[in-house]
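# Understanding the architecture of this molecule
The lines below spell out each chain.
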Amino acid sequence: MNHSPINHWQLVPRIALIFLLLLWSAYLSLVNGIMEPIDGWTLVLVTKVLIEVIASVFAIFYLFVALHYRTPAQTSETTELIREKSGTLMIPKRIGIIYLCCNDLDKDAVESILSCKYDHLVKLIVHDDSSDNESISEINRFVEEMRQRYDIEIILMRRSIKNGGKPGALNNIFATYHKEFDYFFICDSDSYIIDREFLNKSLCHFSDPNVALVQLRNIGITKKEDSVWYKLLSLSIDYYDTFTSFLSKFGWTPFLGHNALIKSEVIEKVGWFSPDQFADDIDYSVKLYLNGYRIVYARDVVCAEKHPETYRALRKRTHKWSLGCTQILRKWSWSIVWSDKVTFNEKVTFFLTVGYYPLQTLLFLYLFIFYLILPFNDRIHTNWVVLGIYAIFILFFTFFPSFTFFLRNRKVRDWFKVAPLWGLIYGSQDFVVAKALFSYVLRPAQKRIWEPTNSSLSRNKEMNLLGILEIIFGLCIVLVPALINPILIMLPTTILFSVKFICIPVLHQFFQKRA
């Protein structure tokens, strides 16, 4: 009898769960001793423990991600092997390259697409949802200029009713052209083509009939005139490969919403994108998985994109992603849990990735409990050594994956500049995430306006009340322990957490794309 080889990584989630159960049992025994006799503080402490339990699962996940990471090869052996065995796929295909814009045209990005030499029957579909006359006129002139300069046919599309945001725009294209093309390559307004062989390399993966979509690896793109801080933040796009490469090998391979090639016939079978979904990429990933299709992460094929250009734009994107992930969990959680087409590892990693923003809200609640409530209970904060070790572990699991990324890429010196900057910029999004999550939970049926992150006509204005609350919270993290339990001020996490809230007004002025 033939036995398939054992993949020991498949056992990791189960071993981790057993280990955590043992660890939590010991921890709960310790907590029970602290809380004798049971009184009004029990509920507070139980909430704190539950958050620690959930955070521990994510911490182990991040540890595995960091330990697994290796730098991507310029050309993977897998892609080369598929190319050799899939000569029929090199027959010219009809491919529609979709470029989506909405008051955020990036001319250099479009030219990076047009300047490639294609072996296939390629047309560029520019779908413009711009709302102001100046942007519309600019795109009209630019498209006409590109038609004169390049041989590729350029189709300019608009729609009179701009409902559904990006999913609505994609559906408008699919409704018109799904029978004309074999594949669609989806680009956002800031998508740059780096690998000139991106189509041939991507098509190789479709030798497997179950493959519905090929996701390319994204890196950040910057210009000489960009500020040093913006360049450092753009490295976070490169860094996400740390997670995507792990997920593609051991769990839920993600569709990132852009820089991806999808089969037209799959769109016909699975259906179109869901309008008003703020995480339309994850939503469509779920549809593909539940219909038995696969997503491939073509790690050796590189495209580029821009980081949000201002701190306000970053917060807008964070709000959009937080809201989108909450929509996904509400819509698809039970379908994922009970599906026989989704493996155990895929289910686990799905919830670990989509659950990131709910986790961030729980950790925000944890800060509130730890620094503003528990200092008033003398029985809780007794073992300062344990608290210090716990604080160090928090910092370790927070920064270890990024350290591994820079270590593997032989840029450890850059990590010492990047780590505090990333911690400050991305760590200061707690109020934005919580606001998005609770606004959806309390009003799920509310109509919400989809808007591009870097739109030149942003209607997003920072709420003064939210900014004031963030500053007050940051001050309270320091003041309450200082007055009640001064030893908490000595924890390394205290200063980190307080500064990230207090400095938010400065970040609005400090974080700019241009130097």
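Now for a description of the structure that goes with this document. Given the structure is predicted, the values throughout are model-derived calculations rather than measurements. (Residues numbered from 1 in each chain as written. Predicted model: local features only at pLDDT ≥ 70, side-chain atom pairs only at ≥ 80, totals over all residues. Heavy atoms only, no water.)

### Re the packing of aromatic side chains
- Applying the stated criterion across every chain, the model contains 42 aromatic pairs.
- Ring plane angle 45 degrees and centroid distance 5.3 Å describe the contact between Tyr-239 and Trp-422, whose orientation is recorded as tilted. You can see Tyr-239 sitting in helix α8 (residues 228-239) and its partner Trp-422 sitting in helix α16 (residues 412-427), a full 183 residues away along the chain. Per residue, the accessibility class of Tyr-239 equals that of Trp-422, and both read buried.
- A centroid spacing of 6.3 Å and a plane angle of 45 degrees characterise the contact between Phe-364 and Phe-501, whose relative ring orientation is tilted. With Phe-364 in helix α14 (residues 356-373) and Phe-501 in helix α19 (residues 492-502), this pair connects stretches of sequence that are 137 residues apart. As far as the burial class goes, Phe-364 and Phe-501 line up, both buried. (Phe/Tyr/Trp six-rings, centres within 6.5 Å; stacked < 30°, edge-to-face > 60°. Helix = DSSP H or I, 4+ residues; strand = E, 2+ residues; numbered from the N terminus. Buried < 20%, exposed > 50% of the residue type's maximum accessible area, 1.4 Å probe, protein only.)

### Points about unusual backbone geometry
- At Asp-276, a residue that is not glycine, the phi angle is positive and equals roughly 70 degrees.
- Mapped onto the secondary structure, Asp-276 falls in the loop between α10 (264-270) and α11 (280-290).
- Its identity is not glycine, yet Arg-410 carries a phi of approximately 55 degrees, on the positive side.
- A relative accessible area of 79% means that Arg-410 is categorised as exposed.

### With respect to the pattern of salt bridges
- One pass over the structure, following the stated rule, counts 22 salt bridges.
- Arg-159 is the salt-bridge partner of Asp-129, the closest N and O atoms lying 2.6 Å from each other. Residue Asp-129 is found in the loop between β2 (121-128) and α5 (133-149), and its partner Arg-159 is found in the loop between β3 (153-157) and α6 (165-177); the two are separated by 30 residues along the sequence.
- Under the relative-accessibility criterion, Arg-159 is labelled buried at 10%.
- With its nearest N and O atoms 3.6 Å apart, the salt bridge here joins Glu-144 to Arg-147. Residue Glu-144 and its partner Arg-147 are both found in helix α5; the two are separated by three residues, about one turn of the helix.
- When its relative accessible area of 36% is taken as the criterion, Arg-147 is described as partly exposed. (Salt bridge = Lys/Arg side-chain N within 4 Å of Asp/Glu carboxyl O.)

### Regarding the pairing of β2
- Counting buried residues in β2 gives six out of eight residues, a clear majority hidden from the surface.
- Of the strand pairs in this sheet, strand β1 (residues 94-101) and β2 are connected by eight bridges, and their pairing is parallel. Bridge pairing links Ile-98 to Ile-125 in β2.
- Where the polypeptide runs from β1 across helix α4 (residues 107-114) and back to β2, its parallel neighbour, the crossover connection is right-handed. (Pairing = 2+ DSSP bridges. Right-handed = clockwise from strand over helix to strand, strands pointing away.)

### Looking at a nonpolar patch on the surface
- Together, Leu-465, Ile-468, Leu-469 and Ile-472 make up a nonpolar patch on the protein surface, roughly 370 Å² of accessible area in all.
- Structurally, the position occupied by Ile-468 is in helix α18 (residues 464-484).
- For Ile-468, a relative accessible area of 47% gives the class partly exposed. (Patch = residues over 30% accessible without salt bridge, like charges linked within 9 Å, V, L, I, M, F, W, Y side chains within 5 Å. Areas by Shrake-Rupley, 256 points an atom, 1.4 Å probe, with all protein chains shown as cover.)

### Considering the nonpolar core
- Formed by 45 residues in total, the largest nonpolar core has its most connected members in Phe-61, Tyr-371, Ile-425, Phe-473 and Phe-501.
- Excluding its chain neighbours within four sequence positions, the residues that come into contact with Phe-501 are Phe-364, Leu-367, Asp-430, Phe-431, Glu-470, Ile-471, Phe-473, Gly-474 and Ile-477.
- The next biggest cluster of nonpolar side chains, apart from the first, holds 40 residues, and it includes Trp-252, Ile-282, Tyr-284 and Val-286. (Core = buried A, V, L, I, M, F, W, Y, C linked by side-chain atoms within 4.5 Å. Contact = heavy atoms within 4.5 Å.)

### Section: the sheet that holds β2
- Spatially, the eight strands line up as an open sheet ordered β3-β2-β1-β4-β7-β6-β8-β5, and their pairing is mixed. Here the strands that pair on one side only, and so sit at the sheet edges, are β3 and β5 (192-193).
- With five bridges joining them, β2 and β3 adopt parallel strand pairing. Paired with Leu-124 across the strands is Ile-154, a residue of β3.

### Thoughts on empty space enclosed by the protein
- Scanning all chains against the criterion turns up two cavities of 30 Å³ or more.
- Here the largest cavity is characterised by a volume of approximately 60 Å³.
- The class makeup of the residues in the lining of the largest cavity is three nonpolar, two polar and four charged.
- Together, Leu-105, Val-110, Leu-114, Leu-124, Val-126, Ile-139, Phe-142, Val-143, Met-146 and Ile-154 line the second largest cavity.
- If you list the elements that add at least two residues to the lining of the second largest cavity, you get α4, β2 and α5.
- Looking at the lining of the second largest cavity element by element, the count peaks at four residues for α5.
- In terms of residue class, the lining of the second largest cavity is built from 10 nonpolar, no polar and no charged. (1 Å grid on protein atoms, 1.4 Å probe; cavity = no way out; pocket = protein on both sides within 12 Å on 5 of 7 lines; lining within 4 Å. Points joined across faces, edges and corners; volume = space filled by probe spheres on them. Nonpolar A, V, L, I, M, F, W, Y, C, P; charged D, E, K, R; others polar.)

### Digging into the packing of helix α2 (residues 42-68) against α14
- Where α2 contacts α14, the axes come no closer than 10 Å and their chain directions differ by 135 degrees. When the interaxial angle is binned, α2 and α14 end up oblique. Crossing hand, α2 versus α14: left-handed. Judged by residue contacts, Val-44, Thr-47, Lys-48, Ile-51, Glu-52, Ile-54, Ala-55, Phe-58 and Tyr-62 of α2 engage Tyr-356, Leu-359, Leu-362, Leu-363, Leu-365, Tyr-366, Ile-369, Phe-370 and Ile-373 from α14. (Axes fitted to C-alpha atoms, helices over the stretch in contact; angles between N-to-C directions. Parallel < 35°, antiparallel > 145°, perpendicular 65-115°, else oblique. Left-handed = near helix turned anticlockwise from the far one by under 90°.)

### Some words on the pairing of strand β4 (residues 183-187)
- For β4, the tally of buried residues reaches five of five residues, placing the bulk of the element in the interior.
- Residues Tyr-183, Phe-185 and Cys-187 of β4 are buried on one face, and the alternating residues Phe-184 and Ile-186, pointing to the opposite face, are buried as well.
- Sheet analysis places β1 next to β4, joined by five bridges and oriented parallel. Within the sheet, the bridge partner assigned to Ile-97 lies in β4 and is Phe-185.
- Where β4 lies against strand β7 (residues 260-263), four bridges are found, and the strand directions are antiparallel. If you follow Tyr-183 over to β7, its bridge partner there is Lys-263.

Bear in mind that shape data such as this cannot, by itself, settle questions of function.
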